[in-house]
2 protein chains.
Amino acid sequence: MRNIIIASTSTLHGSDYLDYILDELTHFFKNAQTVLFIPYARPGGISHDDYTKKVEIAFSKINKKAVGIHTFENPIEAIKNAEAIFTGGGNTFVLVNQLYKNNLVDVLKETITNGTPYLGTSAGSNICGLTIKTSNDMPIVYPPSFNTLGLVPFNINPHYLDPDTNSKHMGETRETRIKEFHSYNTPPVIGLREGSWLHVIDDSIVLNGNLTARIFEYNKVPYEVESGTQLNHLK
Amino acid sequence: MRNIIIASTSTLHGSDYLDYILDELTHFFKNAQTVLFIPYARPGGISHDDYTKKVEIAFSKINKKAVGIHTFENPIEAIKNAEAIFTGGGNTFVLVNQLYKNNLVDVLKETITNGTPYLGTSAGSNICGLTIKTSNDMPIVYPPSFNTLGLVPFNINPHYLDPDTNSKHMGETRETRIKEFHSYNTPPVIGLREGSWLHVIDDSIVLNGNLTARIFEYNKVPYEVESGTQLNHLK
């Protein structure tokens, strides 16, 4: 009885943290009073405490409490006992490094697979895929592995960006980068645009939000799927 | 007698491969007839052969030959015997992975330190720094280490991009990413804009090109330096 939201982003331009998805979260977290928050990705290097405060403010709007995993003496037990779990965005390498350091990768996978609702945004969504090899983040720390939870049989590319045809910058476009990924790896990649999320319930994986998503399969031309599309055939 | 060019990019918008820096390279490679080319970064996943052909065409304009390191049975000897070396851009993780796989990191460092002229562009420049922790690339393969040649006592951020104040995209700006790097690492980072390069001669490290570069030092406000600035004090 898996119940997972894999969101591209936490924040839409011009609105508050998590605002765009709070209605959905009211329903998603309906059986939880307190959500265990994993602040390890530390966006902009902010402290675990400060990051958790930000989440507390957002969650208070839907009458939920947030408690940071860093406040528990035993984070493994904290995950096992959680009513629901949220991993926020920031730096994916930092997040994964800390998860491995605290030996949390296996217990997190097992707990979510057993049905504890899990919300991920950005870096917290990257780790739902097979690896972080399609992260957009700067590799500021060296984690012991790029392998992650594999809750879905593909990789996520959050904050998916279409090529800027006016740009004179010669850095690679996102599509070029994902094509390069497929020179060395075969799993599909889902490019999730801002405001899009995947809702995984048991074996169902459905795209939500207002925008289409871009699907990159090995040796295929990339294509768009509409919101509402069932994606459980991808692997 | 080090002689190293660390360039942000190979190609300026609207001009051919290496065109913007060919005059400089005529002088830089004046004692070499053949340049050993390291094509491991494979931009867009192109083959080592195809990438080397692209370099051959550019180098023919200044009457130099290019020969790909992949054509040698013993790449270690190829580096030791090279008249000059050029590592092109592409994916930094792929490049570093292949350098480690072929056991080339130490010999490359030693050969360049002993005076063999070295040109790097983009990924080929990233490896001149201490680590690839300020690469912009997607981590499509997992290399055995992020540590690189350390030919300069800081890190490079090639293709440095100023924040787009009109953007509604919520991904991190380059400056934010480098600040995050400094939450976990203390070495300086040089943001090299397109068309800029560092010329390292012995202990001198001078910024070249038309644009300023942005310097990020640990616990300091980032600042700009003009072309012509000596940067050998940074560490």
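As a reminder, the structure under discussion sits directly above these lines.
I will try to describe carefully the structure that is included in this document. (Residues numbered from 1 in each chain as written. Chains lettered and ligands numbered in written order. Predicted model: local features only at pLDDT ≥ 70, side-chain atom pairs only at ≥ 80, totals over all residues. Heavy atoms only, no water.)

### Describing the interface of chain A and chain B
In many reports, interface size means the accessible area that the parts give up when they come together. Every contact between the two is made by 45 residues of chain A and, on the other side, 45 residues of chain B. Both sides of the chain A and chain B interface together cover about 3800 Å² of buried area, and 60% of this is carbon and sulfur. For the interface between chain A and chain B, the tally reads 15 residue pairs in polar contact (both at pLDDT 80 or more). Classifying every residue of the side of chain A that touches chain B by side-chain character gives 18 nonpolar, 18 polar and nine charged. (Contact = heavy atoms within 4.5 Å. Buried area = accessible area lost by both parts, 1.4 Å probe. Polar contact = N/O pair within 3.5 Å; in protein donor to acceptor, adjacent residues only side chain to side chain. Nonpolar A, V, L, I, M, F, W, Y, C, P; charged D, E, K, R; others polar.)

### Section: helix 2 (residues 48-60) of chain B
All names here are of chain B. With 13 residues, helix 2 should cover 18 Å at 1.5 Å per step; its first-to-last C-alpha distance of 18 Å lies within 8% of that length. Residues of helix 2 that are buried: Tyr51, Thr52, Val55, Ala58 and Phe59. The buried residues of helix 2 all sit within an arc of 115° when viewed along its axis, so they share a single face. Of the surrounding secondary structure, the elements contacted by the buried residues of helix 2 are helix 1 (22-28), strand 2 (34-38), strand 3 (65-68) and strand 4 (85-87). (Helix = DSSP H or I, 4+ residues; strand = E, 2+ residues; numbered from the N terminus. Expected span 1.5 Å × (residues − 1). Buried < 20%, exposed > 50% of the residue type's maximum accessible area, 1.4 Å probe, protein only. Arc of directions from axis to C-beta.)

### Thoughts on unusual backbone geometry
With a phi close to 60°, Asn63(A) is a non-glycine residue in the positive phi region. Here Asn63(A) shows up in the loop between helix 2 (48-60) and strand 3 (65-68).

### With respect to the environment of Ala41(A)
Residue and element names in this part refer to chain A. Here Ala41 is to be found in the loop between strand 2 (34-38) and helix 2. Sequence separation of Ala41 and Phe93 is 52 residues, and the distance between their C-alpha atoms is 7.7 Å. Not counting chain neighbours up to four residues away, the residues in contact with Ala41 comprise Gly88, Gly89, Gly90, Asn91, Val94, Leu95 and Ala123.

### So, the sheet that holds strand 3 of chain B
All names here are of chain B. Ordered by their spatial adjacency, seven strands build an open sheet running 3-2-4-5-1-8-9, and the pairing between neighbours is mixed. Of all the strands in the sheet, just strand 3 and strand 9 (204-208) have a single pairing partner and so form its edges. When the angles between neighbouring strand axes are averaged without regard to direction, this sheet yields 20°. Here strand 8 (residues 197-201) pairs with strand 9 via five bridges, running antiparallel. Note on strand 9: the bridge partner recorded for His199 is Val206. (Pairing = 2+ DSSP bridges. Axes fitted to C-alpha atoms, helices over the stretch in contact; angles between N-to-C directions.)

### Re the pairing of strand 1 (residues 3-7) of chain B
All names here are of chain B. Counting buried positions along strand 1 gives five out of five residues, so the element sits mostly inside the fold. Side-chain alternation along strand 1 places Asn3, Ile5 and Ala7 on one buried face and Ile4 and Ile6 on a second face that is also buried. Pairing between strand 1 and strand 8: five bridges, direction antiparallel. Residue pairing in the sheet places Ile5 in a bridge with His199 of strand 8. Strand direction decides the pairing type here: strand 1 and strand 5 (residues 118-121), joined by four bridges, are parallel. Note that in strand 5 the partner of Ile4 across the bridge is Tyr118.

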